[in-house]
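The lines below spell out each chain.
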Amino acid sequence: MSRAEGKASAGSEAPSGGEALAVGPADGTYAGAGVPSTTSTPGKPGAPKTPSPLWTFGLLRSELGVTFRRWRTLALLAVLAAVPVMVGVAVEIETSDGSSIDGGGGGGGGGPVFIAQITSNGLFLVFTALAATLPFFLPMAVGVIAGDAIAGEANAGTLRYLLVSPAGRVRLLLVKYATTMVFCLVATLVVAASALAVGALLFPLGEVTTISGTRIGLAEGLGRAVLIALMVAASLLGLAALGLFVSTLTNSGIAAMATTVGLLITVQILDQIPQLSALQPYFFSHYWLSFADLMRDPVHWDDLLRNLELQALYAAVFGSAAWARFTTRDITA
Amino acid sequence: MEELPAADPAPAPVPVSISAPAPTPGSVPVPVPEPEPVPAPVTVPVAPDSGESVIATSALTKRYRGGQLAVDRLDLAVPAGSVFGFLGPNGSGKTTTIRMLMGLIEPTSGTARVLGRPMPGASRAVLPHVGALIEGPALYGFLSGRDNLMRYDAADPTADPRTRRTRVAAALDRVGLTPAAGKKAKAYSLGMKQRLGLAAALLQPRRLLVLDEPTNGLDPQGMREIRALIREVASEGTTVFLSSHLLDEIEQVCTHAAVMAQGRLIAQGAVAELAAGARGRLVVTTPDVGDAARVLKEQGITDVVVEENRVTGEPPGRELADITAALVAAGVRVRGFGLERASLEDAFVALTGEGFDVAG
Ligand SMILES: Nc1ncnc2c1ncn2[C@@H]1O[C@H](COP(=O)(O)OP(=O)(O)OP(=O)(O)O)[C@@H](O)[C@H]1O
Ligand SMILES: [Mg+2]
């Protein structure tokens, strides 16, 4: 398909019906044009293969396989997995003389609240590691994957071959966004799993003291950890859409990655400037650390929901922008 | 489209027009079958003038965003079953045309129909039947040759995943890449990449192959193989649309050709007719090239070119024997004398002008 998808009713082609024609009827209309019978459909003429709707997921499978087999993706995941190891080891060394970590003054934030508790409960390394990677490492990795999604293919020239295959522009964009979403989840889970493993190895596991001061069992604590990981992954979806949009603007994968990561840093900085407080609720990163509210008892949902709404808004706005851009763009690379 | 320069008393009034709407009835052995009344959700009627043409464009124009007019009111008609050469100097708009045909870029104006359906509107229905090599191959360097093909095949929602492996293996075999199938594509040589690109175009039985300079970067042996492959594919009934600036390549494999210059179509038609449209050259083979050139000029022959051991010029409009007599009278030792048949190159030069300049 092509930009025609974008303007569903613009052409004489009915968008879905026309596509369903893929083989059979197209043969008919064309073979009627006086082509010697040998030229129509080499193979078995008159036996139109009917493509299964499931075949359309082949591209998603291929994309996931290509993404997660890439050395670059594995390196990003390795860096993310290393963060909890470093935090865990640092805490272990720091406290090996019996002293305790000073929680510092960061009251409302995530990290410092949790870090003091790691020595008594390894599960807190999961929360600490997520809080430590969410401001930069995780979104940077997502920015790399999202920024490279379309621009990297354009850069390599493979985009034109995907499109004449024909991958279809909307389908390709959806596949790229889906893959980026999967990467967000996998990256977060890698951090969480690595943290859990290191935490269990270096520190005891046990009952969890919530921020509210109540105590919950280890099983529920693990449940909360999973919820938090999902929340952190969801926090990245807005940035993923933004990166994908940037990726449709240029033919240079590096430029798209750099722009996305640059935007991330800029927004993080602007989020700290008090004069901009009126704008800050619209920054995609503004509610990121709200995941700590999942560790309250009872859970404070306000900021969590606001975060999800904001991510959905970003996904909708920049997803549409990416669609508008990509379905009408001239592919000359 | 412009007619050929009417410099010579052309025997046929329109030697190179195949874009005329009238289909040649003699070429259709079977009575034209009506399109089967397949329960089609939407059957787009084939426009009468695109009936015989696998590719038909009408006033197709592309102006790039920079303002560059790359293709200018192109009317192209590629007959079914032909091997169609698309000729033109660098920058004449060949790749731009192909990009429009493949739905990669939107025409500024005009229309293009491929396999009887409008592009880019019907991309999804048309493109599974089209194999394309556009501006050189593009590969995932970190994937093996085989995995590259698997990926491109997966991108086609009409490609059966159950036969994917066998089709990929067959395509690799066809271009002679089986021994290197497991190698990472970044370790491929240019020629191997080109072959892999061709293999991607041959993943499925195609009705149309669009090849943009397919022998670029190949060694002479590789060129021969690719040409043989093109002939083979064509003999199976696939129409091949081949852009090139290698004239002998077009002459060797193509049945039809079109010539572009500066975004405009200059001529199109059967290769033999195109070549016949250009005049041959008078060739005198002699050790006395200086004298021969002087005599030829005295005889009123224009465009005299002195080469080693031979002198060539525009054939005169009068009796050749007079020239021989003059040469002999002047004491020029003549080893050979005659008219050299016009090649496609001559036709091309006659059409695009000497110099082969890149379009601005
Ligand atoms: N992306 C682009 N943006 C602007 N102008 C372009 C673009 N691509 C090509 N052009 C211009 O369009 C004209 C036609 O280019 P095109 O690539 O179609 O030529 P070509 O016939 O394929 O040449 P070659 O034989 O060198 O491959 C050229 O003048 C070129 O400068
Ligand atoms: Mg070109």
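Residues numbered from 1 in each chain as written. Chains lettered and ligands numbered in written order. Predicted model: local features only at pLDDT ≥ 70, side-chain atom pairs only at ≥ 80, totals over all residues. Heavy atoms only, no water.

- Under an unreviewed UniProt entry, chain B has the name ABC transporter ATP-binding protein and belongs to Streptomyces poonensis.
- Regarding chain B, the relevant UniProt record gives this comment under Sequence similarities (unreviewed entry): "Belongs to the ABC transporter superfamily." (UniProt positions renumbered as here; feature names shortened; annotations may be inferred.)

Re the overall build of chain B
In step 1: When its secondary structure is counted, chain B shows eleven helices and 15 strands.
In step 2: Pairs at least 24 apart in sequence give 68% of the contacts found in chain B among residues at least 6 apart. (Helix = DSSP H or I, 4+ residues; strand = E, 2+ residues; numbered from the N terminus. Contact = heavy atoms within 4.5 Å.)

A look at the site of ligand 1
In step 1: Every one of the 15 residues lining ligand 1 counts as a neighbour, but Asn90(B), Gly91(B), Lys94(B), Thr95(B) and Thr96(B) are closest to it.
In step 2: Taken together, the residues near ligand 1 originate from chains A and B.
In step 3: Within the side chain of Asn90(B), an N or O atom sits 2.8 Å from an oxygen atom of ligand 1.
In step 4: Glu213(B) places a side-chain nitrogen or oxygen 3.3 Å from an oxygen atom of ligand 1.
In step 5: Within the complex, 72% of the 630 Å² of free accessible area of ligand 1 lies under protein.
In step 6: Looking at which element gives the most residues to the shell around ligand 1, the answer is helix α1 (residues 94-101) of chain B, with four residues. (Near = heavy atom within 4 Å. Polar contact = N/O pair within 3.5 Å; in protein donor to acceptor, adjacent residues only side chain to side chain. Areas by Shrake-Rupley, 256 points an atom, 1.4 Å probe, with all protein chains shown as cover.)

Some remarks on a nonpolar patch on the surface
In step 1: A cluster of nonpolar residues, Val79(A), Phe136(A), Phe137(A), Ile265(A), Ile269(A) and Ile273(A), forms a patch on the protein surface that exposes about 460 Å² of accessible area.
In step 2: With respect to the helices, strands and loops of the structure, Phe137(A) is situated in helix α8 (residues 137-156). (Patch = residues over 30% accessible without salt bridge, like charges linked within 9 Å, V, L, I, M, F, W, Y side chains within 5 Å. Salt bridge = Lys/Arg side-chain N within 4 Å of Asp/Glu carboxyl O.)

Examining the pattern of salt bridges
In step 1: Using the criterion set out here, one finds 24 salt bridges over all chains in the structure.
In step 2: Between Glu220(A) and Arg224(A) there is a salt bridge, with its nearest N and O atoms 3.0 Å apart. Highlighted residues: Glu220(A) and Arg224(A), both in helix α11 (residues 218-235), separated by four residues, approximately one helical turn.
In step 3: Accessibility expressed as a relative area gives 9% for Arg224(A), which makes it buried.
In step 4: Among the ionic contacts, a cluster of salt bridges with common partners joins Glu63(A), Glu153(A), Lys176(A) and Arg151(B). (Buried < 20%, exposed > 50% of the residue type's maximum accessible area, 1.4 Å probe, protein only.)

Details of the pairing of strand β1 (residues 53-63) of chain B
All names here are of chain B.
In step 1: For β1, the tally of buried residues reaches nine of eleven residues, placing the bulk of the element in the interior.
In step 2: Bridge analysis of β1 against strand β3 (residues 77-79) gives three bridges, and the strand direction is antiparallel. Paired with Ser53 across the bridge in β3 is Pro79.
In step 3: Pairing of β1 with strand β5 (residues 109-114) involves five bridges; the strand directions are antiparallel. Residue pairing in the sheet places Thr57 in a bridge with Ala112 of β5.
In step 4: Across three bridges, β1 lies against strand β2 (residues 69-74) in antiparallel orientation. Paired with Arg63 across the two strands is Leu69, which belongs to β2.
In step 5: Between β1 and β2, which pair antiparallel and follow one another directly, the connecting turn spans five residues, one of which, Gly67, has a positive phi of 100°. (Pairing = 2+ DSSP bridges.)

Structural notes on helix α5 (residues 71-95) of chain A
In step 1: With 25 residues, α5(A) extends 36 Å from end C-alpha to end C-alpha; this agrees with the ideal 36 Å at 1.5 Å per step.
In step 2: All of the buried residues in α5(A) are Thr73(A), Leu76(A), Leu77(A), Leu80(A), Val83(A), Pro84(A), Val87(A), Gly88(A), Val91(A) and Thr95(A). (Expected span 1.5 Å × (residues − 1).)

With respect to the sheet that holds strand β12 (residues 281-285) of chain B
Residues and elements named next belong to chain B.
In step 1: The antiparallel open sheet is built from four strands, whose spatial order is β13-β14-β12-β15. A single partner strand is all that each edge strand has here, and the edge strands are β13 (305-307) and β15 (336-340). On average, each strand axis in the sheet is inclined to that of its neighbour by 20°, with strand direction left out of account.
In step 2: Judged from the three bridges that link them, β13 and strand β14 (residues 310-313) form a sheet pairing that is antiparallel. What sits directly across from Val305, in β14, is Thr312.
In step 3: Packed onto the sheet, helix α10 (residues 320-329) meets β12 and β15 and runs at close to 150° relative to β15. (Axes fitted to C-alpha atoms, helices over the stretch in contact; angles between N-to-C directions.)

Some details on the packing of aromatic side chains
Residues and elements named next belong to chain B.
In step 1: In total, this model carries twelve aromatic pairs over all chains according to the counting rule given.
In step 2: A ring pair is formed by Tyr140 and Tyr152, whose centres lie 6.0 Å apart and whose planes are at 45°; its orientation type is tilted. Remark: Tyr152 occurs in helix α3 (residues 145-154) and Tyr140 occurs in the loop between β7 (130-133) and α3; sequence separation between them is twelve residues. (Phe/Tyr/Trp six-rings, centres within 6.5 Å; stacked < 30°, edge-to-face > 60°.)

Concerning the confidence of the model for chain A
All names here are of chain A.
In step 1: Per-residue pLDDT for chain A averages 80, and the proportion of residues at 70 or more is 80%.
In step 2: Within the model, pLDDT remains below 50 along residues 1-48, and this stretch shows 92 contacts once partners closer than five positions in the same chain are excluded.
In step 3: Scored below 50 in pLDDT, residues 103-111 shows eight contacts in the model against residues more than four places distant or in partner chains. (pLDDT = per-residue confidence, 0-100.)

Some details on empty space enclosed by the protein
In step 1: As enumerated under the stated definition, the model contains three cavities of 30 Å³ or more in all.
In step 2: Approximately 140 Å³ is the volume found for the largest cavity.
In step 3: In this structure, the largest cavity is lined by 14 residues; those nearest its centre are Tyr161(A), Val164(A), Ser165(A), Ala200(B) and Arg206(B).
In step 4: Elements with a contribution of two residues or more to the lining of the largest cavity: α9 (158-164) of chain A together with β7, α3 and α5 (190-201) of chain B.
In step 5: Sort the elements by how many residues they give to the lining of the largest cavity and β7(B) lands first, with three residues. (1 Å grid on protein atoms, 1.4 Å probe; cavity = no way out; pocket = protein on both sides within 12 Å on 5 of 7 lines; lining within 4 Å. Points joined across faces, edges and corners; volume = space filled by probe spheres on them.)

Quick word on the packing of helix α7 (residues 123-133) of chain A against helix α10 (residues 169-202) of chain A
Residues and elements named next belong to chain A.
In step 1: Viewed as axis vectors pointing N to C, α7 and α10 meet at an angle of 140°, and their least axial separation amounts to 8 Å. Regarding α7 and α10, the two cross each other, and that crossing is right-handed. Mapping the contact onto sequence places Leu123, Leu125, Val126, Ala129, Leu130 and Thr133 in α7 and Thr188, Val191, Ala192, Ala195, Leu196, Val198 and Gly199 in α10.
In step 2: For the contact of α7 with α10, the class distribution of residues is ten nonpolar, three polar and no charged. (Left-handed = near helix turned anticlockwise from the far one by under 90°. Nonpolar A, V, L, I, M, F, W, Y, C, P; charged D, E, K, R; others polar.)

A word on the sheet that holds strand β4 (residues 83-87) of chain B
All names here are of chain B.
In step 1: Here we have six strands laid out as an open sheet, ordered β7-β8-β9-β4-β10-β11, and mixed in their pairing. Pairing within the sheet leaves two strands with one partner each, and these edge strands are β7 and β11 (264-270). With direction set aside, neighbouring strand axes in the sheet form an average angle of 10°.
In step 2: The sheet contact formed by β4 and strand β10 (residues 256-261) spans four bridges and is parallel. Directly across from Leu87, in β10, lies its bridge partner Val259.
In step 3: Each of β4, β8 (208-212), β9 (239-244) and β10 is contacted by α1, which is oriented at about 145° to β9, the strand it contacts most.
In step 4: Together, β4, β8 and β9 form the strand contacts of helix α6 (residues 220-235), whose direction differs from that of β9 by roughly 150°.

A closer look at the pairing of β5(B)
All names here are of chain B.
In step 1: In terms of strand pairing, β5 meets strand β6 (residues 117-119) through three bridges, oriented antiparallel. Bridge pairing links Arg113 to Pro118 in β6.
In step 2: Where β5 folds back on β6, the antiparallel hairpin that results is connected by two residues, among which Leu115 adopts a positive phi of roughly 50°.

Some details on the side chain of Arg164(B)
Residue and element names in this part refer to chain B.
In step 1: Among the structural elements, Arg164 can be located in helix α4 (residues 164-174).
In step 2: You can call Arg164 buried: its relative accessible area is 9%.
In step 3: Once residues lying within four places of it in the same chain are set aside, the contact partners of Arg164 are Met150, Asp153, Ala154 and Ala159.

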